[in-house]
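Commentary on secondary and tertiary structure
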Amino acid sequence: MTNVFAFDTKQFDTAQFESMFAPARAFAALSVDMTEKLVNAQFEAAQAYTDTSLAQLRSLMEVKDAEGLKSYMEGQQKVANELTERLKGDAEKVVALQQEFAEESQKLTESNVKQAQEGAKKATETATKAVKEAAPKAAN
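Just so it is clear, the model here is predicted, and its values are computed rather than measured. (Residues numbered from 1 in each chain as written. Predicted model: local features only at pLDDT ≥ 70, side-chain atom pairs only at ≥ 80, totals over all residues. Heavy atoms only, no water.)

1. Details of the overall build of the protein
Helices and strands together make up the secondary structure of the protein, namely two helices and zero strands. Looking at the protein as a whole, 8% of its 140 residues are labelled buried. Only carbon and sulfur atoms are counted for the fraction: they give 60% of the accessible area of the protein, which is about 11,600 Å². (Helix = DSSP H or I, 4+ residues; strand = E, 2+ residues; numbered from the N terminus. Buried < 20%, exposed > 50% of the residue type's maximum accessible area, 1.4 Å probe, protein only. Areas by Shrake-Rupley, 256 points an atom, 1.4 Å probe, with all protein chains shown as cover.)

2. Structural notes on a nonpolar patch on the surface
On the surface, Leu54, Leu57, Leu60, Leu69 and Met73 cluster together to form a nonpolar patch covering roughly 450 Å² of accessible area. Those elements that place two or more of their residues in the nonpolar patch are helix H1 (14-61) and helix H2 (66-139). Structurally, the position occupied by Leu69 is in helix H2. (Patch = residues over 30% accessible without salt bridge, like charges linked within 9 Å, V, L, I, M, F, W, Y side chains within 5 Å. Salt bridge = Lys/Arg side-chain N within 4 Å of Asp/Glu carboxyl O.)

3. Things to note about the packing of aromatic side chains
Aromatic rings in a pair are described by how distant their centres are and how their planes are angled relative to each other. For the structure on display, the rule yields one aromatic pair. Taking 5.9 Å as the distance between ring centres and 55° as the angle between the ring planes, the aromatic pair formed by Phe27 and Phe101 counts as tilted. With Phe27 in helix H1 and Phe101 in helix H2, the pair connects residues that are 74 residues apart, well separated along the chain. For Phe27, a relative accessible area of 39% translates into the label partly exposed. For Phe101, a relative accessible area of 23% gives the class partly exposed. (Phe/Tyr/Trp six-rings, centres within 6.5 Å; stacked < 30°, edge-to-face > 60°.)

4. Looking at the side chain of Ser105
Mapped onto the secondary structure, Ser105 falls in helix H2. Sequence-distant contacts of Ser105, defined by excluding residues within four places in its chain, comprise Phe27 and Leu30. (Contact = heavy atoms within 4.5 Å.)

5. Comments concerning the pattern of salt bridges
All told, the structure shown has five salt bridges when counted by the stated rule. Across the pair Lys78 and Glu82 runs a salt bridge whose closest N-O atoms are separated by 4.0 Å. On the criterion of helical spacing, the pair formed by Lys78 and Glu82 is a turn pair, its members being four residues apart in helix H2. Classification of Lys78 by relative accessible area gives exposed; the value is 56%.

6. Overview of the side chain of Asp90
Mapped onto the elements, Asp90 comes out in helix H2. At 2.6 Å, the side chain of Asp90 and the side chain of Tyr49 are in polar contact. The residues contacting Asp90, other than those within four sequence positions of it, are Ala45 and Tyr49. (Polar contact = N/O pair within 3.5 Å; in protein donor to acceptor, adjacent residues only side chain to side chain.)

7. As for the environment of Asp90
Classification of Asp90 by relative accessible area gives buried; the value is 13%. In this structure, the C-alpha to C-alpha distance between Asp90 and Ala45, residues 45 residues apart in sequence, is 7.0 Å.

Remember that the coordinates give geometry; whether it matters functionally is a separate question.
Written out as structure tokens, the structure reads:
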């Protein structure tokens, strides 16, 4: 029984394979790096929001009288301001990461287009040369 999926590795052009898949691999690496940065930013934000929420719950549990409640409520304005600033900073971080990804993707695309153009030019030159060499032989 023969394996229909087997292929002769001697006929396999590693350089051609690399040139075909290098752009996809570079984009995949960029995507993985960006995903890691976004996940880390989300973890940091979640940790900060969790810490703030737990601290607020602990403060609320310490309220024992009207004066304590008043103090707690006054502190809520400060906490709200801090959370607003944190949220703004987190949003700016995500926007910066998205812009970085877009810029790096564009650079990769431009590089790949340039490589493809150079490859097409070389292939055209090789084909033209082969036709010119074969023409006199075919005439004989």
